[in-house]
Amino acid sequence: MPDDQAERDADLGADLDGQLDAGGDAEAAGVDGDEDNTESELEAMRARLKAMEEEAAKLAKGKDAPGRGGRGPSADGEAEAADREEADSRSIYVGNVDYGCTPEELQLHFQQCGTVNRVTILTDKLGNAKGFAYVEFLEADAVTSAALLDGTELRGREIKVSPKRTNVPGLKVFRGGRGGGRGRGRGRGRGGYYGHVPRGRGRGRSYYSPY
């Protein structure tokens, strides 16, 4: 009997030691798992931070690139300037125009040179004619023919005719006398715009352009 009791006590002690060892191993495994999770979270944060830095670098590079809202001119602005220059190459300046002259009269005067696309008579803020106008043709070579009409009379006044120059921002061209010179410093200046003559309608309707 004493031997049986001693054997049972030995078995009980072994069971307790096994349970303690298993608990320690589980606790150690839990600590290792927490460390693994923390490291994974840190790696994920580093990856997100790197992605944000790369995105910020791309945005900064895009702002400095020409044509993307940065310092360079936009593609739309360049296209508009090219269209305006091309239209000016088909246009003439007409000075010393009678203040009562109409766009239709100007169209008739120059229709022998080519197809008139637009006529602009510049006016002041009150709608009064300023004594000069622009005529745009459909054909570029019509400008050469129209220049030959320099010095001809329209409404009893000797008009001045010359090819239209494209206005350059920041460059101011001075012209002498009211309607007497060929310079076109103000050109499309402050608010003036072309009066349209519909194509293919002969003496199409035109109008004064507000100042």
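Reading guide: rules and limits
Residues numbered from 1 in each chain as written. Predicted model: local features only at pLDDT ≥ 70, side-chain atom pairs only at ≥ 80, totals over all residues. Heavy atoms only, no water. Helix = DSSP H or I, 4+ residues; strand = E, 2+ residues; numbered from the N terminus. Contact = heavy atoms within 4.5 Å. Areas by Shrake-Rupley, 256 points an atom, 1.4 Å probe, with all protein chains shown as cover. Phe/Tyr/Trp six-rings, centres within 6.5 Å; stacked < 30°, edge-to-face > 60°. Buried < 20%, exposed > 50% of the residue type's maximum accessible area, 1.4 Å probe, protein only. Lys NZ or Arg CZ within 6 Å of the ring centre and 35° of its normal. Pairing = 2+ DSSP bridges. Core = buried A, V, L, I, M, F, W, Y, C linked by side-chain atoms within 4.5 Å. Polar contact = N/O pair within 3.5 Å; in protein donor to acceptor, adjacent residues only side chain to side chain. pLDDT = per-residue confidence, 0-100. Salt bridge = Lys/Arg side-chain N within 4 Å of Asp/Glu carboxyl O.

## Let's talk about the overall build of the protein chain
1) Next: Broken down by element type, the protein chain carries four helices and seven strands.
2) Next: Mapped in sequence order, the helices and strands of the protein chain form the string α-α-β-α-β-β-α-β-β-β-β.
3) Next: Taking as baseline every contact in the protein chain between residues at least 6 positions apart, the subset at least 24 positions apart corresponds to 61%.
4) Next: For the protein chain, the computed accessible surface area is about 13,900 Å², with 52% contributed by carbon and sulfur atoms.

## Overview of the packing of aromatic side chains
1) Next: Summed over the entire model, instances satisfying the criterion amount to three aromatic pairs.
2) Next: Seen from their ring centres, Tyr93 and Phe132 are 5.9 Å apart, and the 40° between their planes marks the pair as tilted. Taken together, the positions of Tyr93 in strand β1 (residues 91-95) and Phe132 in strand β3 (residues 129-137) put the pair 39 residues apart, joining distant regions of the chain.
3) Next: The interplanar angle of 80° and the centroid separation of 6.3 Å between the aromatic rings of Phe132 and Tyr134 together place this pair among those described as edge-to-face. A single burial state applies to Phe132 and to Tyr134, both of which are buried.
4) Next: It is Arg157 that lies over the ring of Tyr99; its NZ or CZ is 5.5 Å from the centre.
5) Next: Between the NZ or CZ atom of Lys164 and the centre of the ring of Tyr134, over which it lies, the distance is 4.9 Å.

## Things to note about the pairing of strand β2 (residues 116-123)
1) Next: Taken across its eight residues, β2 has seven buried, putting it largely inside the fold.
2) Next: Sheet topology note: the β2/β3 ladder contains six bridges and is antiparallel. Bridge pairing links Thr120 to Tyr134 in β3.
3) Next: Between β2 and β3, which pair antiparallel one after the other, the connecting turn spans five residues, and Gly127 there sits at a positive phi close to 90°.

## As for the nonpolar core
1) Next: Residues Ile92, Val94, Leu106, Phe110, Val135 and Phe137 are the most contacted members of the largest nonpolar core, which totals 21 residues.
2) Next: Those elements giving two or more residues to this core turn out to be β1, α3 (103-110), β2, β3 and α4 (142-147).
3) Next: In terms of residues, this core owes the most to one element, β3, which gives four residues.
4) Next: Sequence-distant contacts of Val135, that is, excluding residues within four places in its chain, are made with Arg90, Ser91, Ile92, Val94, Phe110, Val116 and Arg118.

## Describing the environment of Gly156
1) Next: Relative to the helices and strands, Gly156 is located in the loop between β4 (153-154) and β5 (157-158).
2) Next: A relative accessible area of 60% places Gly156 in the exposed class.
3) Next: The spacing of Gly156 and Asp98 is 58 residues in sequence and 8.3 Å in space, taken between C-alpha atoms.

## Looking at the side chain of Glu136
1) Next: Among the structural elements, Glu136 can be located in strand β3.
2) Next: The buried category is assigned to Glu136, whose relative accessible area is 3%.
3) Next: Within the local environment of Glu136, its side chain forms a polar contact with the side chain of Arg90, the two groups lying 3.2 Å apart.

## Observations concerning the confidence of the model for the protein chain
1) Next: Taken as a whole, the protein chain shows an average pLDDT of 74; of its residues, 56% reach a score of 70 or greater.
2) Next: Counting interchain partners and residues more than four positions distant, the pLDDT-below-50 stretch residues 173-194 has 60 contacts.
3) Next: Taken as a whole, residues 198-211 scores under 50 in pLDDT and shows 53 contacts with residues more than four places along the chain or in a different chain.

## Here's the deal with the pattern of salt bridges
1) Next: Enumeration over the complete set of coordinates arrives at seven salt bridges.
2) Next: A salt bridge links Lys164 to Asp88; the shortest N-O distance between them is 3.4 Å. With Lys164 in the loop between β6 (160-163) and β7 (195-196) and Asp88 in helix α2 (residues 75-88), this pair connects stretches of sequence that are 76 residues apart.
3) Next: One salt bridge in this structure joins Arg90 and Glu136, with 3.2 Å as the shortest N-O distance. Residue Arg90 is found in the loop between α2 and β1, and its partner Glu136 is found in strand β3; the two are separated by 46 residues along the sequence.

## Some remarks on unusual backbone geometry
1) Next: With a phi close to 60°, Asn96 is a non-glycine residue in the positive phi region.
2) Next: Classification of Asn96 by relative accessible area gives buried; the value is 18%.
3) Next: In this structure, Arg155 takes a positive phi of about 60° despite not being glycine.
4) Next: With respect to the helices, strands and loops of the structure, Arg155 is situated in the loop between β4 and β5.

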